[in-house]
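Structural overview
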Amino acid sequence: MDYILGILPPLLEGTVVTLQMFFTTIILSLPLGLLLALARISRFKALSGAVGVYIWLFRGTPLMLQLLFIYFGLPLLPYIGVRLPDFPAAVLAFVLNYAAYFAEIFRAGIQSIDRGQYEGAKVLGMTYVQTMKRIVLPQVIKRVLPPVSNETITLVKDTSLIYVLAMNDLLRTTRAIVQRDFNTMPFIVAAIVYLLMTLVLTWAFQKLEKRYAVYDE
C-alpha cells in the first residue's frame with residue numbers, strides 16, 4: 001500500500017494530461033462534427049463532396065499516423081513549415097479525427113428523421129434553423145447518444161496514443177515508473193484509473209439517454 005501511495009502523485013499528474021486531451025477533444029470535435037454533418041448533407045455538391053473526402057481521409061487512416069504527420073510532417077512541407085508544440089499538435093490530430101467520426105454519426109441521425117417532419121415544420125412557417133433546433137436536433141440527440149457514447153469511451157483509451165509525442169500522459173508516466181522500479185503494480189493502478197474514467201462516462205451517457213427518452217417514437 002505504501003508503494004501505491006508513493007506512485008499515485010505522478011500517476012495523477014499523468015491523468016490530468018490525459019483528461020486535458022480528452023475534454024479539449026470532446027469540446028471541439030462535437031460541434032465541428034455537427035457542422036460537418038450539415039455540410040455533408042448540404043445541397044451544395046462541392047461542399048458536400050469536399051467534406052466527404054475529408055471524412056474518408058480521416059476515418060480511413062490511423063490516428064497515430066495523423067498524429068505523427070501533424071507533429072513531424074507539417075514542418076517538412078514546402079511553403080508551410082508549421083511546427084506545432086506537442087499538445088496543440090495532438091489536439092489538432094484528435095479533433096480532426098474524431099470530428100470525422102462524429103460527422104458520420106450526426107449525418108446518419110439527421111437523415112433518420114422522417115421527411116414529413118421537415119415538411120410539417122415548413123407548413124408551420126419555420127425556417128431551416130428553427131426546424132433543426134426545435135424539431136430535428138432533439139430527436140437526433142436521442143438517436144446518436146449510443147454511438148457517441150461508444151466513440152467517447154474509445155477516446156479515453158485513444159488518448160494514450162499521445163505517448164508517441166513524448167507527452168507525459170497516464171500511460172507514459174506508468175511505463176516510466178515500471179521501467180524504473182521493475183514492478184508491474186503501476187500498470188494495474190493505471191488500468192483502474194482508465195476503468196474509472198470509462199465507468200463515469202458510461203453512467204453519464206445512461207443518464208442522458210433516460211433524459212432524452214421522451215423523444216422515443
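Residues numbered from 1 in each chain as written. Predicted model: local features only at pLDDT ≥ 70, side-chain atom pairs only at ≥ 80, totals over all residues. Heavy atoms only, no water.

1. Points about the pattern of salt bridges
Pairing of side chains with opposite charge becomes possible as their charged atoms draw close. This is how the line gets drawn: Counted as salt bridges are all cases of a side-chain nitrogen of Lys or Arg within 4 Å of a carboxyl oxygen of Asp or Glu. Think of it this way: any DSSP run of H or I at least four residues long counts as a helix, any run of E at least two long counts as a strand, and we number them from the N terminus. Summary of the burial criterion: residues with accessible area below 20% of their type's maximum are buried, those above 50% are exposed, and those between are partly exposed, where the area comes from a 1.4 Å probe applied to protein chains only.
If you walk through the whole model with that rule in mind, you get 3 salt bridges. When the shortest N-O distance is used, the salt bridge between Glu104 and Arg107 registers 3.1 Å. Residue Glu104 and its partner Arg107 are located together in helix H4 (residues 86-111), separated by 3 residues, close to a single helical turn. With a relative accessible area of 18%, Glu104 lands in the buried category. Take Arg107: its relative accessible area is 21%, and that puts it in the partly exposed class.

2. Thoughts on helix H7 (residues 170-181)
To keep things clear, this is the line we draw: By this rule the span expected of a helix is its residue count minus one, scaled by 1.5 Å. Arc, as used here, means the arc of the directions from the helix axis to the C-beta atoms.
An ideal rise of 1.5 Å per residue puts 16 Å on 12 residues; H7 measures up with 16 Å between its terminal C-alpha atoms. Of all the positions in H7, only Leu170, Thr173, Thr174, Ile177 and Val178 are classed as buried. One face of H7 carries all of its buried residues, which in axial projection span an arc of 135°. Positioned one or two residues after H7, Phe182 has a phi angle of 50°, which is positive.

3. Structural notes on the layout of surface pockets
We count it as follows: Within this scheme a cavity is a closed region of a 1 Å grid, computed over the protein atoms alone, that accommodates a 1.4 Å probe without allowing it to escape, whereas a pocket is open but has protein on both sides within 12 Å along at least five of seven lines; lining residues each have an atom within 4 Å of a point. Grid points are joined across faces, edges and corners, and a volume is the space filled by probe spheres set on the points. Each residue gets one label: Ala, Val, Leu, Ile, Met, Phe, Trp, Tyr, Cys and Pro are nonpolar, Asp, Glu, Lys and Arg are charged, and the others, such as Gly, are polar.
What the largest pocket holds in volume is close to 520 Å³. Mapped onto the lining of the largest pocket, the elements with two or more residues apiece are H4, helix H5 (115-123) and helix H6 (128-158). The greatest single-element share of the lining of the largest pocket, amounting to 5 residues, is contributed by H5. The class makeup of the residues in the lining of the largest pocket is 9 nonpolar, 4 polar and 4 charged. Size it by volume and the second largest pocket reaches roughly 250 Å³.

4. A closer look at helix H2 (residues 45-60)
To keep things clear, this is the line we draw: Contact between two residues is taken to exist if any of their heavy atoms lie within 4.5 Å; hydrogens are not considered.
The first and last C-alpha atoms of H2 sit 22 Å apart over 16 residues, in line with the 22 Å expected at 1.5 Å per residue. When we look at burial in H2, the residues that qualify are Ser48, Val51, Gly52, Tyr54, Ile55 and Phe58. An end-on view of H2 places all buried positions within 165° of arc, on one side of the element. Along H2, exposed side chains directed more than 90 degrees from the buried face belong to Lys45, Ala46, Trp56 and Gly60. The inward-facing, buried residues of H2 contact helix H1 (2-40), helix H3 (63-73) and H4.

5. Side note on the packing of aromatic side chains
The geometry of an aromatic ring pair is captured by the separation of the ring centres together with the interplanar angle, meaning the angle of the planes. Just so we agree on the cut-off: Each aromatic pair joins two rings of Phe, Tyr and Trp (for Trp, the six-membered one) with centres within 6.5 Å, and gets the label stacked for planes under 30 degrees apart, edge-to-face for over 60, and tilted for any other angle.
Taken as a whole, this structure holds 6 aromatic pairs when the rule is applied. Seen from their ring centres, Tyr54 and Phe58 are 4.8 Å apart, and the 45° between their planes marks the pair as tilted. One end of the pair is Tyr54 and the other is Phe58, both in helix H2 and 4 residues apart, which spans about a single turn. What makes Tyr54 buried here is its relative accessible area of 17%. Residues Tyr71 and Phe72 carry aromatic rings whose centres are separated by 4.7 Å and whose planes lie at 85° to one another, so their mutual orientation is edge-to-face. A network of ring pairs unites the aromatic residues Phe94, Tyr98, Tyr101 and Phe102 as a single cluster.

6. A short note on the packing of H1 against H7
Our working rule: Here the axes come from fitting lines to C-alpha atoms, over the contacting stretch only for helices, and the angles between their N-to-C directions go from 0 to 180 degrees. When an angle is under 35 degrees it counts as roughly parallel; over 145 it counts as roughly antiparallel; between 65 and 115 it counts as roughly perpendicular; any other value is oblique.
Between H1 and H7, the shortest axis-to-axis distance is 7 Å and the interhelical angle comes to 150°. Judged by the angle between their axes, H1 and H7 are roughly antiparallel. For the pair H1 and H7, the contacting residues are Tyr3, Ile7, Pro10, Leu11, Gly14, Thr15 and Thr18 in the first and Leu170, Thr173, Thr174, Ile177, Arg180 and Asp181 in the second. Of the residues in the contact of H1 with H7, the class split is 6 nonpolar, 5 polar and 2 charged.

7. Concerning the side chain of Gln66
Assignment of secondary structure puts Gln66 in helix H3. Those residues within four positions of Gln66 in sequence are excluded, and the remaining contacts are Leu57, Phe58, Thr61, Ala93 and Asn97.

8. Considering unusual backbone geometry
Even without being glycine, Ala166 reaches a positive phi, approximately 60°. With respect to the helices and strands, the residue Ala166 is situated in the loop between H6 and H7. Note on Ala166: relative accessible area 43%, which makes it partly exposed. You will see that Phe182, though not glycine, has its phi angle at about 50°, which is positive.

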